[in-house]
Amino acid sequence: ARTPAELMQDLEFALALIPGSHRVNLHACYGVHGGKITDRDKLSPKEFKPWVDWAKKNGYGLDFNPTFFSHPLAADGLTLSNPDKSIREFWIRHGIQCLKIAEYFGKELGSPCSINFWMPDGYKDEPSDRLGPRQRMADSLDKIFKYRYDRKNCIPLLESKLFGIGVESYTVASHEFVMGYAMKRGILGLLDMGHFHLSENVADKISSFLLFFGKVAFHISRPVRWDSDHVIRQNDDLRAAAQEIVKMGPENFIIALDYFDASINRVAAWVLGMRNMQKELLKAMLTPNGQLKELQDKGDFTSQLVLQEEYKNYPFEAVWAEFCRREGVPAFEQWLDKVRKYEQTVLSKRV
């Protein structure tokens with residue numbers, strides 16, 4: 001998509017192939033500027049009114065992200081932790097304006113807007129000072145959240161990360177930083193499946209977050225060797241995450257699908273990934289989790305293991321097909337034919 005209008009068109013087409021109700025998460029860089037660019041620290045609801053109108057027309061909810069990257073003042077990868085006070089203040093203003101935009105989304109659409117703060121700050125090689133950047137980051141976040149946002153319409157989230165390309169040695173907003181800051185501030189920390197070591201079971205962290213935060217903010221993604229956000233597949237990691245979400249009550253979760261892949265048709269990627277998530281949630285809902293919990297509590301681990309494995313192969317297609325039928329979307333791979341036609345008649349004509 002080359003314009004906001006084309007992106008809206010693509011999203012509408014994709015979401016029409018996915019059963020259920022939908023939300024769309026926007027980055028601050030997706031503002032509609034009408035030919036005159038408004039810098040990040042001066043963004044307002046005005047730049048996002050076309051998105052709100054579009055969401056109202058289609059019955060979508062909207063969530064939001066400040067965009068702390070792809071900007072001249074983020075060129076060295078340091079934003080809220082930058083040693084330069086003027087740069088920090090620019091990004092603080094951006095964060096405050098984004099809170100105002102999130103409030104606007106929530107009020108206009110009658111559904112609370114989750115606003116997720118993720119900053120790329122860090123260093124490629126070993127830093128000489130690990131504490132200072134985190135002190136500056138915490139102070140900057142304090143200044144952002146000093147703005148008295150409407151808690152009814154705006155739900156701030158803070159996302160952690162292990163490392164990223166270009167910041168392999170040190171990430172300011174690490175998992176420990178985010179957990180500590182979020183608990184102190186009374187906001188939600190956010191787990192991303194791609195932001196941990198590949199040998200870690202991120203689904204195992206969910207119950208601890210729920211225990212102490214009361215709600216879990218969770219990004220579903222698929223890392224391949226690093227935080228690469230491949231299109232999510234129905235693999236063991238996704239299945240484990242879906243099982244935990246269902247066991248602990250979907251109402252206790254704010255989940256978003258965090259993936260992209262420019263090597264394949266992006267509309268197809270959106271449809272495939274979202275349908276995969278829905279299928280794994282459905283499988284988890286059809287699993288007799290109460291029975292399995294009872295076997296665990298009784299210490300009957302033989303029966304538990306046997307049934308855990310047997311239930312993996314129980315059919316769910318009939319329930320999925322009926323869900324899709326009621327929603328008026330293709331149940332199986334026939335949706336790809338529609339995407340191919342859209343590719344030929346719309347996407348291929350964009351130059």
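Everything quoted here is computed from the prediction, not taken from an experiment. Residue positions within a chain follow its written sequence, with the count starting from 1. For a predicted model such as this one, the threshold for reporting local features is a pLDDT of at least 70, and the threshold for listing and counting side-chain atom pairs is 80 or more; totals across whole chains, interfaces and linings nevertheless cover every residue. Heavy atoms throughout the structure, all of them, feed into the side-chain values; hydrogens and water do not.

Novice: Sorry, what's going on with the packing of aromatic side chains here?
Specialist: Two descriptors summarise a pair of aromatic rings, namely the distance from one centre to the other and the angle between the planes of the rings. Between 30 and 60 degrees the pair is tilted, below 30 it is stacked and above 60 it is edge-to-face, where a pair is any two Phe, Tyr or Trp rings, Trp via its six-membered ring, whose centres lie within 6.5 Å. Enumeration over the complete set of coordinates arrives at 18 aromatic pairs. Ring centres of Phe 48 and Phe 64 lie 5.2 Å apart, and the angle between their planes is 80°; this geometry places the pair in the edge-to-face category. Pair noted here: Phe 48 is in the loop between β1 (23–27) and α2 (49–58) and Phe 64 is in strand β2 (residues 61–65), with a separation of 16 residues, a long-range link. Considered together, Phe 48 and Phe 64 belong to a single accessibility category, that of buried residues. A network of ring pairs unites the aromatic residues Phe 68, Phe 90, Trp 91, Phe 117, Phe 145 and Tyr 149 as a single cluster. Ring-over charges, as used throughout, are those where CZ of Arg or NZ of Lys falls within 6 Å of the ring centre and within 35 degrees of the ring normal. Here Lys 205 stacks its cationic end above the ring of Phe 196, 4.8 Å away from the centre of that ring. Helix and strand assignments come from DSSP, with helices taken as H or I runs of at least 4 residues and strands as E runs of at least 2, each series counted from the N terminus. Think of it in three bands: residues with accessible area under 20% of the maximum for their type are buried, residues over 50% are exposed, and the middle band is partly exposed, with areas taken using a 1.4 Å probe on protein chains only.

Novice: Help me out: how do you make sense of unusual backbone geometry in this one?
Specialist: The phi dihedral of Ser 70 falls on the positive side, at around 55°, and the residue is not glycine. Residue position: Ser 70 is located in the loop between β2 and α3 (85–109). Its identity is not glycine, yet Asp 229 carries a phi of approximately 50°, on the positive side. Examined against the element boundaries, Asp 229 turns out to sit in the loop between β8 (216–220) and α7 (236–247).

Novice: Just checking my understanding: could you explain the packing of helix α1 (residues 4–15) against α2 for this structure?
Specialist: Packed helix pairs are characterised by how far apart their axes lie and by the angle those axes make with each other. For every element, the axis is a line fit to its C-alpha atoms; helices are fit only across the contacting stretch, and the angle between N-to-C directions ranges from 0 to 180 degrees. Where α1 meets α2, the axes come as close as 12 Å, and the angle between the chain directions of the two elements is 20°. The angle between the axes of α1 and α2 places the two elements in the roughly parallel class. When you trace α1 past α2, the crossing you get is right-handed. Only Pro 50, Trp 51, Trp 54, Lys 57 and Asn 58 of α2 make contact with α1, whose side of the interface consists of Pro 4, Leu 7, Met 8, Leu 11 and Glu 12. Throughout this entry, Asp, Glu, Lys and Arg are counted as charged residues, while Ala, Val, Leu, Ile, Met, Phe, Trp, Tyr, Cys and Pro are counted as nonpolar. The remaining residues, Gly among them, count as polar. Tallied by class, the residues present in the contact of α1 with α2 amount to 7 nonpolar, 1 polar and 2 charged. If an angle is under 35 degrees, it is roughly parallel; if it is over 145, roughly antiparallel; if it lies from 65 to 115, roughly perpendicular; otherwise it is oblique. For any helix crossing, the convention is left-handed if the near helix is rotated counterclockwise from the far helix by under a right angle, and right-handed if that rotation is clockwise. Contact between two residues is taken to exist if any of their heavy atoms lie within 4.5 Å; hydrogens are not considered.

Novice: When you look at the environment of Asp 139 in this model, what are you seeing that I'm missing?
Specialist: Along the chain, the position of Asp 139 falls in helix α4 (residues 131–145). When its relative accessible area of 34% is taken as the criterion, Asp 139 is described as partly exposed. Remark: the alpha-carbon pair of Asp 139 and Arg 88, spanning 51 residues in sequence, is separated by 9.9 Å.

Novice: Looking at this structure, I do not really get the nonpolar core. What am I missing?
Specialist: In a soluble, globular protein the nonpolar side chains are often hidden away together inside. As used in this record, nonpolar core signifies buried Ala, Val, Leu, Ile, Met, Phe, Trp, Tyr and Cys residues forming a set joined through side-chain atoms within 4.5 Å. Membership of the largest hydrophobic core comes to 91 residues, with the highest contact counts inside it found for Phe 64, Phe 105, Leu 141 and Phe 218. In terms of residue count, the dominant contributor to this core is α3 (11 residues). Among all residues touching Phe 64, those that are not within four sequence positions of it are Asn 25, Leu 26, His 27, Ala 28, Phe 48, Cys 98, Ile 101, Phe 105, Cys 113, Ser 114, Ile 115 and Asn 116. Membership of the second largest hydrophobic core comes to 6 residues, among which are Phe 316, Trp 320, Val 329 and Ala 331.

Novice: How should I be thinking about α4 in this particular structure?
Specialist: Across its 15 residues, α4 extends 21 Å between first and last C-alpha, which sits within 8% of the 21 Å expected from 1.5 Å per residue. Burial in α4 covers these residues: Gly 132, Pro 133, Met 137, Ala 138, Ser 140, Leu 141, Ile 144 and Phe 145. Where the residues of α4 are buried, they touch α3, β3 (113–117), β4 (122–123), β5 (154–159), β6 (170–171) and α5 (175–185). Multiplying 1.5 Å by the helix residue count minus one yields the expected span of that helix.

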